[in-house]
Amino acid sequence: MLETEVAVIGGGIQGAGVAQAAAAAGYQVTLFERSSWGGATSSSSSKLIHGGLRYLETGNFNLVRENLEERELLLRNAPTLVNPIPFYIPIYKNSRRSGWQIQLGLMLYRILARFSRTSEFHRLDRRAWRYLDDLKIQDLRSVFQYWDAQTDDRMLTRAVVKSAMDLGAKAYCPAELIKGQREADGYKLLLTIKGKPVYCKAKVVVNAAGPWVNEVQTRLDPSLTALDIALVRGSHIIIPGNLTKGIYYLQSPIDGRPIFATPWRDNIMVGTTEAEHTGSVDNVTPSEAEIDYLQRSFAHYFPESDNQVVDSFAGLRVLPESEKSMNRRSRETRFVMDNEERPHTLAIYGGKLTGYRHTGEVALKKLESTLGQREPVSDTRTLRIKPA
C-alpha cells in the first residue's frame, strides 16, 4: 500500500508541473504515468515557449501576460532547455492583417511582457528580405521580426519530472489508474504499476490526464463532474531543409489560419492544424487532408523549397465544447473540483506548455484548504531546471 498526500494522474507537462509545485511546497506527492513521461500531447506540440501573439485578437490579454511571464522564468531557469529564437511575420499585398495591425499587436505584446529584452521587435529593411531562407518576395510589403522561445517539449517534461523527484516526489511509470474509492480522509486508488495491482491512499487526487481527463474522472469516481469538451487535433509535418534565420509566422493562404515554419533537428517543421478529433484518443495521426493543407501552405511562401513529407505527428488539445470556431475558443485552463471549500479531487482541463508552472501553482492553491500548509522546500519561480 502506497500512501501520499497528493496523487497526480498523468505524466505530461501539466502533471509534471503539479508534482513539482507540490513537492516544492513541502507535500508528499506521487506521480503516476500510464505509458511514458511526456509521451502524448506533451511531445506533439509546436515546441514553442511563447505568450501566444494570436490570442490578442480574441482579447485573451491575461492569458498572454501570464504566458509571457512564464516564458521569462523558463528562459532564466532552464537555459539549456529553452532558447530565445527570432520570429518573422511577412506581410503581403493580400494578407488579412496590415502592417500597422501587426505593429500594434507587437507593441501590445511588448507591453504585456513588461518591456523585457525578448519583447523587442522591429520592421526589417527591404534589403534584408533576400536573406530570409528563400521566402517568397513577390507582393511582399513588409516583414516584422520579434522574439519568443523554442524547446524540446518532451525533454522539458522529463526535466520537470526529474526536478519534482529531486524535491522528494515519487514517480511511477508505467502506472495506470483502474478505479478510485472515496474515503473519509481522501481517496483509495487501485492502480497497475508495471502490470501488478497496487493500492495507494491519497488525501487529494489531481487528474492531469490531458485528452483522457474525462475517462480518468469516471474511473476515479463516476459521480465527479466531467466537462463537455472537444478534442482538437493539431498536426505537424517534417520536411527536408533548413531555416537559418528562425521561425516564420505565416498565414495559410487556404483559410487564413496562422501556421509556423520552424527549424527542427536539421529539418523544417510546419504546423499546426485545428481539426476536431473523433477517433481513438490512443492513436492520433494527421489526416491526409491536414498533411496536404500544411504542404500547400508552406509551398505558397517557400515555392523553391522541397515540401516532401519525411515525417508527421499529431497531438490533442482539450478545448471547451462550443459553437465557436476552433481558433476562437478559450485557451484558459479550467479546474474542476469535487468541493470548492475542501476539495479532494481536482481535474485540469486544457493548459499550455508555456504555462505549466503557473498551472501547478494555481492547482496547489486550490487544494491548500484540504492539505494545509507546509514549510516550502523550494520556490518554483527561481528553481533551476536541468535536462534529465
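Everything below is about the structure printed above this text.
All of these numbers come straight from a predicted model, not from anything done at the bench. (Residues numbered from 1 in each chain as written. Predicted model: local features only at pLDDT ≥ 70, side-chain atom pairs only at ≥ 80, totals over all residues. Heavy atoms only, no water.)

> How do you make sense of the pattern of salt bridges when you look at a structure like this?
In a structure, side chains of opposite charge can pair up when their charged atoms sit close to one another. Applying the stated criterion to the full structure yields 23 salt bridges. Two residues, Lys47 and Asp153, come together in a salt bridge whose shortest N-O distance is 3.1 Å. With a gap of 106 residues between them, Lys47 in the loop between β2 (29-32) and β3 (48-49) and Asp153 in helix α4 (residues 153-166) connect regions that are remote in the sequence. Note that Arg65 and Glu69 form a salt bridge whose closest N and O atoms lie 3.9 Å from each other. Of the two residues, Arg65 and Glu69 both sit in helix α2 (residues 61-77), four residues apart, roughly one turn of that helix. Under the relative-accessibility criterion, Glu69 is labelled partly exposed at 25%. Each of the salt bridges in this network shares a partner with another, and the network as a whole consists of Arg54, Arg257, Glu274, Arg317 and Arg331. (Salt bridge = Lys/Arg side-chain N within 4 Å of Asp/Glu carboxyl O. Helix = DSSP H or I, 4+ residues; strand = E, 2+ residues; numbered from the N terminus. Buried < 20%, exposed > 50% of the residue type's maximum accessible area, 1.4 Å probe, protein only.)

> Teacher, can you tell me more about helix α5 (residues 213-220) here?
An α-helical turn contains 3.6 residues, so a residue and the one three or four places further along point in the same direction. Along α5, the residues that are buried comprise Val213, Asn214, Val216, Gln217 and Leu220. Each buried residue of α5 sits inside an arc of 160° when the element is viewed along its axis, so together they form one side. Buried positions along α5 lie against β1 (2-9), β8 (175-183), β9 (186-193), β10 (196-207), β11 (229-240) and β18 (345-349). (Arc of directions from axis to C-beta. Contact = heavy atoms within 4.5 Å.)

> Can you walk me through the nonpolar core in this structure?
When a protein is soluble and globular, its nonpolar side chains tend to lie buried together. Of all hydrophobic cores here, the largest spans 42 residues; its most connected members are Val6 and Leu156. Contributions of two or more residues to this core are made by β1, α1 (13-24), β2, α2, α4, β10, β18 and α7 (356-371). If you tally residues by element for this core, the top one is α1, at eight residues. Here Leu156 is in contact with Ile13, Ile49, Leu74, Leu81, Thr151, Leu353 and Tyr356, once residues within four sequence places are set aside. One finds Tyr88, Leu132, Leu140 and Tyr301 within the second-largest nonpolar core, a separate group that totals 22 residues. (Core = buried A, V, L, I, M, F, W, Y, C linked by side-chain atoms within 4.5 Å.)

> I'm lost on the packing of α1 against α7 in this one. Help?
The relative placement of two packed helices is expressed as an angle between their axes plus a distance between the axes. In contact at an axis separation of 8 Å, α1 and α7 are set at 55° when each is read in the N-to-C sense. On the basis of their axis angle, the class for α1 and α7 is oblique. For the element pair α1 and α7, the recorded crossing hand is right-handed. Facing α1, whose interface residues are Ile13, Gln14, Gly17, Val18, Gln20, Ala21 and Ala22, α7 presents Tyr356, Arg357, Thr359, Gly360, Glu361, Ala363 and Leu364. Across the contact of α1 with α7, the residue classes tally to seven nonpolar, five polar and two charged. (Axes fitted to C-alpha atoms, helices over the stretch in contact; angles between N-to-C directions. Parallel < 35°, antiparallel > 145°, perpendicular 65-115°, else oblique. Left-handed = near helix turned anticlockwise from the far one by under 90°. Nonpolar A, V, L, I, M, F, W, Y, C, P; charged D, E, K, R; others polar.)

> Would you mind going over the environment of Gly315 with me for this structure?
Secondary-structure assignment places Gly315 in strand β16 (residues 311-320). Taking the C-alpha atoms as reference, Gly315 lies 28 Å from Leu189; in sequence the two are 126 residues apart. Setting aside chain neighbours within four positions, we find Gly315 in contact with Ser44, Val232, Arg233, Gly234 and Val284.

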